[in-house]
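Structure assessment
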Amino acid sequence: MRVVVSVGGSVLAPDLAHERVEQYADVIDQLVDAGCSVGVVVGGGGVARDYIKTARDLGANEIELDDIGISVTRLNAQLLIAALGDDAAPSPAESYEEAGEAIRRGDVAIMGGVTAGQTTDAVSAALAEYTNADLLVYATSVPGVFSADPKTDDSAERYDRITPGELVDAIADIEMSAGSSAPVDLLAAKLIERSRVRAIVLDGTEPTAVLDAVLRGEHDGTDIVPDGSEAGMDYWAEGE
Ligand code: UTP
């Protein structure tokens, strides 16, 4: 089974403590041991936001800010590479092609951002599409997809399972309200819809949540399942 895991920067390195990065590397090793081929896309987190804010105050334009964000995602990716040692290529892949080659070689492919004007949510969905992944897991700081922004709306309910079309609608609604944070962005949702890749959005604060979701189909997040695809849990146990 091929899996792409999207790890938010604030999930991988909330305070730059090495323990969380080691735990994620351990989870990736266990996925590989279980027979999965793995691609990981790492986000920028609070460090990216801090850099972007300072650069914006200095007058940088939006493309320059995106390039700074991409640099930070790659720095975070290098932390994961340091923890994985020989199991990963020595530097973050800078294109989908490079990441695909790493996977074909049998390495874990690690990458950050790719190009200005998007976020690593979309990179993850594109990598899943490019590598024909069986599963895409978003390990975020939000525990799933909600009917509204749970931070601002008490009536927000978490969906256990939705279709990609419903994901697009839910994200579009959430993004309409200023300042709200969607679990994945709209471009990512549209790529998921287009590629029909099966996806999960879950709280990645505890890295083993990714393992339980991939290997056993057990998680407290949201399953995104295209219409007409088999929902049985046997799928997860195949390991290949
Ligand atoms: P993130 O993917 O971490 O963005 O990339 P985010 O969604 O704002 O972060 P979280 O999920 O809340 O932690 C950080 C920044 O890097 C740039 C964007 O400016 C983004 O906000 N970036 C990233 C790109 O321009 N292109 C990419 O492919 C990836």
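Residues numbered from 1 in each chain as written. Predicted model: local features only at pLDDT ≥ 70, side-chain atom pairs only at ≥ 80, totals over all residues. Heavy atoms only, no water.

Applicable threshold: UniProt positions are given in the numbering used here, feature names are shortened, and annotations may be inferred rather than shown by experiment.
The name given to the protein in an unreviewed UniProt entry is Uridylate kinase, with Halarchaeum nitratireducens as the source organism. Per UniProt, the protein carries the Subcellular location (unreviewed entry) text "Cytoplasm".

**Description of the pattern of salt bridges**
Heads up, the condition is: Here, a salt bridge means any Lys or Arg side-chain nitrogen found within 4 Å of an Asp or Glu carboxyl oxygen. In this description a helix means any DSSP run of H or I spanning at least four residues, a strand means any run of E spanning at least two, and both kinds are numbered starting from the N terminus. Per-residue accessibility, obtained with a 1.4 Å probe over protein chains only, is compared with the maximum for each type, and a residue is labelled buried under 20%, exposed over 50%, and partly exposed between these values.
In total, this model carries seven salt bridges according to the counting rule given. For Arg56, the salt bridge goes to Glu62, with nearest N and O atoms at 3.2 Å. The partner of Arg194 in a salt bridge is Glu129, with the nearest N and O atoms 2.7 Å apart. Pair noted here: Arg194 is in helix 8 (residues 186–195) and Glu129 is in helix 6 (residues 120–130), with a separation of 65 residues, a long-range link. On the accessibility criterion, Arg194 (59% relative accessible area) is exposed.

**Re the site of the ligand**
Let me state the cut-off plainly: Residues are labelled near a given molecule or strand when at least one of their non-hydrogen atoms is within 4 Å of it. Polar here means any residue outside two lists: the nonpolar Ala, Val, Leu, Ile, Met, Phe, Trp, Tyr, Cys and Pro, and the charged Asp, Glu, Lys and Arg; Gly therefore counts as polar.
In the neighbourhood of the ligand, 18 residues make up the surrounding shell, with Gly44, Asp66, Val114, Thr115 and Thr120 lying closest. If you list the elements that add at least two residues to the shell around the ligand, you get helix 3 (45–57), helix 4 (62–84) and helix 6. The element contributing the most residues to the shell around the ligand is helix 4, with four residues. A class-by-class count of the residues in the shell around the ligand yields five nonpolar, 11 polar and two charged.

**Points about the UniProt feature "binding site: ATP" (unreviewed entry) in the protein**
Test applied: By definition, residues are in contact when any of their heavy atoms lie within 4.5 Å.
UniProt records the feature "binding site: ATP" (unreviewed entry) at Gly9, Ser10, Gly45, Arg49, Thr140, Phe146 and Asp149, using the numbering of this structure. Annotated residues spanning 141 residues; largest pairwise C-alpha distance 23.9 Å, indicating distribution over more than one region. With respect to the element layout, Arg49 can be found in helix 3. Judged by its relative accessible area of 56%, Arg49 falls in the exposed class. Inspection of the secondary structure puts Thr140 in strand 4 (residues 135–140). Contacts of Thr140, omitting those with residues within four sequence positions, involve Val11, Pro183, Val201, Leu202, Asp203, Gly204 and Thr205.

**Let's talk about the packing of helix 5 (residues 96–105) against helix 6**
Quick reminder of the rule: Each axis is a line fitted through C-alpha atoms, taken for helices only over the stretch in contact, and angles between the N-to-C directions span 0 to 180 degrees. We call two directions roughly parallel when the angle between them is under 35 degrees, roughly antiparallel when it is over 145, roughly perpendicular when it lies between 65 and 115, and oblique otherwise. By the definition used in this description, the sense in which the near helix is turned from the far one sets the handedness, with an anticlockwise turn below a right angle giving left-handed and a clockwise turn giving right-handed.
Following both chains from N to C, one finds helix 5 and helix 6 inclined at 55°, their axes separated by 10 Å at the closest point. Taken together, helix 5 and helix 6 sit at an angle that is classed as oblique. The two elements helix 5 and helix 6 meet at a crossing, and its hand is right-handed. Residues Tyr96, Glu97, Ala99 and Gly100 of helix 5 touch helix 6, and the partners they reach there are Val123, Ala126, Leu127 and Tyr130. Residue composition of the contact of helix 5 with helix 6, grouped by class: six nonpolar, one polar and one charged.

**With respect to a negative patch on the surface**
The cut-off we apply is this: Each patch is built from residues lacking any salt bridge and having more than 30% relative accessible area; the joining distance is 9 Å for like charges and 5 Å for nonpolar side chains (Val, Leu, Ile, Met, Phe, Trp, Tyr). Using the Shrake-Rupley algorithm and a 1.4 Å probe, accessible areas are obtained, with residue cover drawn only from the displayed protein chains. Neither His nor the chain ends contribute to the count of charged residues, in which Lys and Arg are positive and Asp and Glu negative. To locate a charge, take atom NZ for lysine, CZ for arginine, CG for aspartate or CD for glutamate.
A cluster of acidic side chains, namely Glu166, Asp169, Asp173, Glu193 and Asp227, defines a negative patch on the protein surface. Per element, the largest residue contribution to the negative patch is three residues, and it comes from helix 7 (residues 164–176). Tracing the chain through its elements places Asp227 in the loop between strand 7 (222–224) and helix 10 (234–237). For Asp227, a relative accessible area of 57% gives the class exposed.

**Observations concerning the environment of Asn76**
Cut-off, in case you're wondering: By the criterion applied in these results, polar contacts are pairs of N or O atoms within 3.5 Å in which, for protein atoms, one can donate a hydrogen and the other can accept it, and in which residues neighboring in sequence qualify only through two side-chain atoms.
Here Asn76 shows up in helix 4. Take Asn76: its relative accessible area is 6%, and that puts it in the buried class. Excluding anything up to four places from it in sequence, Asn76 contacts Gly9, Leu12, Val42, Gly43 and Gly44. Of the polar contacts made by the side chain of Asn76, one reaches the backbone oxygen of Gly44; its length is 3.2 Å.

**Some words on the sheet that holds strand 4**
Which entries qualify depends on this criterion: Only strands joined by at least two bridges in the DSSP assignment are considered to pair.
With mixed pairing, the seven strands of this open sheet are ordered in space as 3-2-1-4-6-7-5. Taken across any chain shown, the strands that pair with only one partner, and hence form the sheet edges, are strand 3 (109–111) and strand 5 (161–162). Note that strand 1 (residues 2–7) and strand 4 share five bridges and pair parallel. In the strand pairing of strand 4, Ser6 is matched with Tyr138. Each of strand 1, strand 2 (37–42) and strand 3 touches helix 5; the most contacted strand, strand 3, lies at about 155° to it.

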